[in-house]
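Commentary on secondary and tertiary structure
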Amino acid sequence: MTEETANANACCDENRSFSKAALFCLALALLMPTLGVSITNVALPELAARFHASVATVSWVVISYLASVTTFIIGAGVLGDIWGRKPLLLLGVGIFSFASLLCAISGNLWLLIAARLIQGFGAAFILSQTLALASVAFPKAKVGSAMGLLSTTAAIGTALGPVVGGALLNVFGWQSIFWLLFVMGGVSFTICALFIPNEQLKFSTTVKQYDVIGTLLLGLSCLLYALSVTAHSTKLSVSGTVLFMLAIAVLTVFLISQRKRRFPLINLAFFQHKLRNLTLAANFLVDAVAMSTLVVGPYYLTYGLGLSVMEIGMLMAVGPVVAACSGYPSGKLVDLIGVKRVMLLGLLQLIVGVVCFAWLPVQFGVYGYIAALFILTPGRQLFLTSNHTFVMSSATNQEKGLASGILNLVKNLGLMTGASVMVAVFASQLKNENIALATQQELGAAFTATFLLASAVIGVSLICIYLFSANNTEFK
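Structural notes, computed from the coordinates. The structure displayed is predicted, hence computed values, not measured ones.

**Examining the overall build of the protein chain**
Check the secondary structure of the protein chain and you find 17 helices and zero strands. Across the 476 residues in the protein chain, those meeting the buried criterion constitute 55%. Sequence-distant contacts in the protein chain: of pairs separated by 6 or more residues, those separated by 24 or more amount to 83%. For the protein chain, the accessible surface area stands at approximately 21000 Å², while carbon and sulfur atoms represent 69% of it.

Here you go:
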């Protein structure tokens, strides 16, 4: 072996190990915002007692965080494309960590809610930059594996949140939850600064103009939509319909402004890719259905099967655990057989899983519920991993942050919509408005009808993607 060959091989080995180190850093950074959602849910009852607040008021500890992420996610992604993704990731980690400190030392509920709003702002930068960095740091043939690992990390964060949060709550109190996030932020900032490579962004100086007005309009539209779908649970005086119409009006103004501005927040040419638009719409629906299993499911487990809170909590952890185990293999499968096959396979398996979820719990109780999750959840991971790979790979280097921001925005909107709309569908199927008075047969019929409808929605997505992708050479 010549000296040049040996040096080249050594360089390749170094790059491979460096890529693995960078991916680990991204995974640790991504773990924080996913924990930031699920780890606090378990503390809501104690917060209500500690601050003598109502359930509706305390729920803003969660809602403020999600609304902040939803509002700022697109702007955060675009800023990464302009000013560099690593600096914006570090900024996000720094803001998230600082806000976690503010949460831990909050003396009243409203300060805690304000700190959570800031924490969500930092999370928006983290979420938007992790996918963007992963898509440019790895060869195209390995992007699927990277997306799969990040998907696994997100699922682990969701699964660990209630467990870790409950343990800390019992031993150290609610503040310890935020002290943990603060420490994780410090560790993540240090290793991300050391091991994530600096980008060589060669954009012209004119591109570095940022559309502040567009950011505010889009953020306001997303915030109004988020409030519209949570209006019933947050006891807002303004109806969800009025808020939804205001969201549409503001979005319309935003789109008009984007056409007229020389340097818009979102280049609307991004949405000329019809197949990508279709997969994003499918992503929205898949996340809405996934959230409905987490929101509608407990109603049936409680009133239909008569399970205790502890038993329901254990069952609710099954889905995230299965998702964590199936995320990385899904990414490897994408690299092996291609995006198109995996996406269509994922949607097909998801349809079968949702149909099973509609029938098996009603017929076989807890065992049917678990069996359905073992079919449904891997199908969702197959779809999400392949979809993320396709969306990020089809975007130009100058659009990676925008694409990542849009993916995360679609996810958040889908989750909020599923939590609201699917519960409304379930409730509409019950003859008795008071769910506690409904019979087991009525609950079972409503549960089955809700998820059969959900499976039909996913079926339409599968057919549309299959037909639109038939002659698309980019979609392999």
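**With respect to the nonpolar core**
Most often, soluble globular proteins keep nonpolar side chains buried together rather than apart. Counting 92 residues, the largest nonpolar core has Leu47, Ile74, Leu89, Leu112 and Leu150 as the members making the most contacts within it. Here the element with the most residues in this core is helix α6 (residues 109-137); it accounts for 13 residues. Residues contacting Leu150, with those up to four places away along its chain left out, are Leu23, Leu26, Ala27, Leu30, Thr130, Leu131 and Ala134. Counting residues in hydrophobic clusters, the runner-up holds 47 residues, among them Val296, Tyr300, Val339 and Leu382.

**Some thoughts on helix α14 (residues 339-364)**
One turn of the α-helix equals 3.6 residues, which is why residues spaced by three or four share an orientation. Along its 26 residues, α14 runs 35 Å from first to last C-alpha, staying within 8% of the 38 Å computed at 1.5 Å per residue. A bend of about 30° at Phe357 is the largest found in α14, and the proline Pro361 appears one to four places after it.

**Quick look at the side chain of Ser330**
If you trace the backbone, Ser330 turns up in helix α13 (residues 318-337). A residue is classified by how much of its surface remains accessible, and Ser330, at 3% relative accessible area, is buried. When sequence neighbours within four positions are dropped, the list of residues in contact with Ser330 reads Gln381, Leu382 and Thr385.

**Description of the side chain of Ser68**
With respect to the helices, strands and loops of the structure, Ser68 is situated in helix α4 (residues 60-83). Ignoring sequence-local partners within four residues, the contact set of Ser68 consists of Leu117, Gly120 and Phe121.

**Comments concerning the pattern of salt bridges**
Per the stated rule, a full pass over the model turns up one salt bridge. The partner of Asp287 in a salt bridge is Arg380, and the shortest N-O contact between them spans 2.6 Å. Of this pair, Asp287 sits in helix α11 (residues 274-304) while Arg380 sits in helix α15 (residues 366-394); the two residues are 93 residues apart in sequence, bridging distant segments of the chain. The exposure classification of Asp287 matches that of Arg380, with both residues buried.

Rules and cut-offs
Residues numbered from 1 in each chain as written. Predicted model: local features only at pLDDT ≥ 70, side-chain atom pairs only at ≥ 80, totals over all residues. Heavy atoms only, no water. Helix = DSSP H or I, 4+ residues; strand = E, 2+ residues; numbered from the N terminus. Buried < 20%, exposed > 50% of the residue type's maximum accessible area, 1.4 Å probe, protein only. Contact = heavy atoms within 4.5 Å. Areas by Shrake-Rupley, 256 points an atom, 1.4 Å probe, with all protein chains shown as cover. Core = buried A, V, L, I, M, F, W, Y, C linked by side-chain atoms within 4.5 Å. Expected span 1.5 Å × (residues − 1). Bend = angle between axes of the 7 residues up to and from the residue. Salt bridge = Lys/Arg side-chain N within 4 Å of Asp/Glu carboxyl O.

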